[in-house]
Amino acid sequence: MIALLSMIMSAQAMDLPYRSMQPSQPLPILQPQSSANYQLPSSTSGQGFYDKYRNEQIAAWSLRQIHASLPVIDDPWVNQVLTQMAGQMNGVVRTVPLYHTVLLNDTNINAFAVPGGLIGINAGVILSTQSIDEVASVLAHEIAHISQRHYEHRLDNRKQLLAWQLGGLLAALAAASSGDSDAALVAMASSQAASAETAANHSREHEREADRVGMQILAQVGYDAEAMPRFFAKMQRQLSLNQAKNAFVPSFVQSHPFTAERLSEATTRAKSYRRPSQKALHEQAVLFDQLYWRVKYLSKQTSKTELIANAKQSQGASLALAMHLADNGAFDEAFNQLDLVSLDKHEPVMCLTKSHILAAAKRHADRVAVLQNCQPIYPERRDLRLALADALVADSQPTQALLMLTPLTKDGSLDILAWQTAYRAYEQLAGQAQDETAKKLAEIHALRSRSQIELWHGEYTKALQSLAQAEQIAQTDPKAATLSTLLKKDKEQINTAKDFKP
């Protein structure tokens, strides 16, 4: 058992941390579809080591506050799609990977970016679009704000930067951290909602530059450049209708004001880029169909009646219907519905949907078998790796689960789902231990995993208490005491996070 624990920990050296991992299965579009000569501005000039470190700390602080109090959709497949989309576009204009991409379970139409590379997007954005290109256009626009360092260039004073350029986002997160989740939701929904002359907005110059650079990013990756002005114009029409009805104005429109001149410029510029091929558009449409209906189901914005009606012509709705049936105990119907989907059974979305049904039916061994057929085909995909690790824990195979999780739980990992699964696996391993030392080692790693979960939920005191318990156990066994250095490093990480004030 001790040897197995050592093997699990040493295997961490074999893989990259989660936030820098690049999924192995490419999105449908990878090649530029325009003959334009792309000259994207440099994203690295003028940024020193301190600024990069400070911005990453801001991103980490923001992410902890989001996890502490705001509703997040943490479905691994959805996160995989959005992370890969954002990562591909970020790679066009920046050499530094994005810190994280998070999907909020909020039907308001909004998106935001935080210095350091944190991108946030509401489920409402996906549900209001009609193509994957439109979703990509929103992500590209936010990436452009980060790559052009609009937050840093607007103001020199750091406190003014945070108060103005983040447009109320950090204030909303601070409200969330105080425990007032309702106020935090309102603040998040209306973040960056003031006029251009007040704290919330980017300057018009920055918005137009984000349009231009974001559109270049879109076309470089191979999306339809016309999707950006198309989505923005849709938001502007919605603004006009809502103002006429005295209704709620989409937060994205408030934070990214669209003038007629700006929309005209973007529309004209988009026409200079060649559209993707029909084959590429078809592949994008298939992906969007799957993403749209999965997000609609996970955000509880659909019903069984609607899913049944749309499943006749939509594979995405069929997959969501299979999940709905499984979640309501209709397992045979769920499998029958999945059989109607004409995708290859080894497609990640098919494997994960079948895994979802089997998990609901508590058929853990069958779930492991399904995922073990799929995961080796896409070894770098986080979603399949997480699902297989979870299935292995459910099937009482904690050692194999931990081997799956090692690329996702390295020092500094922000992957809460991976830490949660590791915590369960180590607890299970402690229960299976055949000797006292192996049990203590597993208990220490379980407490360490729990401390990381608490850290990324902003529960610093609890995180330190978990580590203190781990240190007490380590002191009772010379072999376990070798983990003291690792625990000390974790403690320093948590104290640094606790003391950070943006």
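Look a little higher up for the structure.
Starting from 1, residues in each chain are numbered consecutively following that chain's sequence as written. Thresholds applied to this predicted model are a pLDDT of at least 70 for local features of residues and 80 or more for the giving and counting of side-chain atom pairs; totals over whole chains, interfaces and linings are not thresholded and use all residues. For side-chain calculations, the full set of non-hydrogen atoms in the structure is used, while hydrogens and water are omitted.

1. Overview of helix H24 (residues 460-474)
Put simply, DSSP H or I for four residues or longer makes a helix, DSSP E for two residues or longer makes a strand, and each gets a number counted from the N terminus. One fewer than the residue count of a helix, multiplied by 1.5 Å, yields its expected span. Compared with an ideal rise of 1.5 Å per residue, which puts 15 residues at 21 Å, H24 spans 21 Å between its outermost C-alpha atoms and is within 8% of the ideal. For each residue, the accessible area found with a 1.4 Å probe, counting protein chains only, is set against the maximum for its type, and the residue is called buried under 20%, exposed over 50%, and partly exposed in between. If you check which residues of H24 are buried, you get Tyr460, Ala463, Ser466, Leu467, Ala470, Ile473 and Ala474. An end-on view of H24 places all buried positions within 145° of arc, on one side of the element. Exposed side chains of H24 directed beyond 90 degrees from the buried face belong to Thr461 and Gln472. When we speak of the arc, we mean the arc of directions from the helix axis to the C-beta atoms.

2. A few points about the packing of helix H3 (residues 76-93) against helix H14 (residues 278-298)
Lines are fitted to the C-alpha atoms to define the axes, a helix being fitted only along its stretch in contact, and any angle between axes, read from their N-to-C directions, falls within 0 to 180 degrees. In the contact formed by H3 and H14, the axes pass within 10 Å of each other and the chain directions differ by 135°. Classed by the angle they form, the pair H3 and H14 counts as oblique. The interaxial crossing formed by H3 with H14 has left-handed handedness. Contact with H3, carried on its side by Trp77, Val78, Val81 and Leu82, involves Leu287, Gln290, Leu291, Arg294, Val295 and Leu298 of H14 and no other residues of that element. Orientation categories follow fixed angle ranges, with anything under 35 degrees roughly parallel, anything over 145 roughly antiparallel, 65 to 115 roughly perpendicular, and all other angles oblique. Crossing handedness is read from the near helix: turned anticlockwise from the far helix by less than a right angle, it gives a left-handed crossing, and turned clockwise, a right-handed one. The contact definition used throughout considers only heavy atoms, calling two residues in contact when any of these lie within 4.5 Å.

3. Section: the sheet that holds strand E2 (residues 111-114)
When DSSP locates at least two bridges between a pair of strands, those strands are taken to pair. Spatial strand order, E1-E3-E2: three strands in an open sheet with mixed pairing. Pairing within the sheet leaves two strands with one partner each, and these edge strands are strand E1 (100-104) and E2. Neighbouring strand axes in the sheet, compared pairwise and without regard to direction, differ in orientation by 15° on average.

4. Observations concerning the nonpolar core
Formed by 104 residues in total, the largest nonpolar core has its most connected members in Leu82, Met85, Met89, Leu103, Ile121 and Leu291. Leucine 103 has contacts with Pro71, Val72, Ile73, Val78, Asn79, Leu82, Ile121, Asn122, Ala123, Ile126 and Val295, leaving out every residue within four places of it along the chain. Membership of the second largest hydrophobic core comes to 32 residues, among which are Val114, Ile416, Ala463 and Ile473. Put simply, buried Ala, Val, Leu, Ile, Met, Phe, Trp, Tyr and Cys residues joined by side-chain atoms within 4.5 Å make one nonpolar core.

5. Topic: the packing of aromatic side chains
Any aromatic ring pair is given by two values, namely how distant the centres are and how the planes are angled relative to each other. The criterion for an aromatic pair is that two Phe, Tyr or Trp rings (for Trp, the six-membered ring) have centres within 6.5 Å, with stacked assigned to planes under 30 degrees apart, edge-to-face to planes over 60 apart and tilted to the rest. Scanning the entire structure with this criterion turns up three aromatic pairs. Through pairs of rings, three or more aromatic residues link up here, namely Phe288, Tyr292 and Trp293. Here, over-ring charges are defined by two tests on the NZ atom of lysine or the CZ atom of arginine: distance to the ring centre within 6 Å, and angle to the ring normal within 35 degrees. The lysine or arginine in question, arginine 64, covers the ring of tryptophan 456, its NZ or CZ lying 5.8 Å from the ring centre.

Spatial relationships are all this shows, so hold off on functional conclusions.
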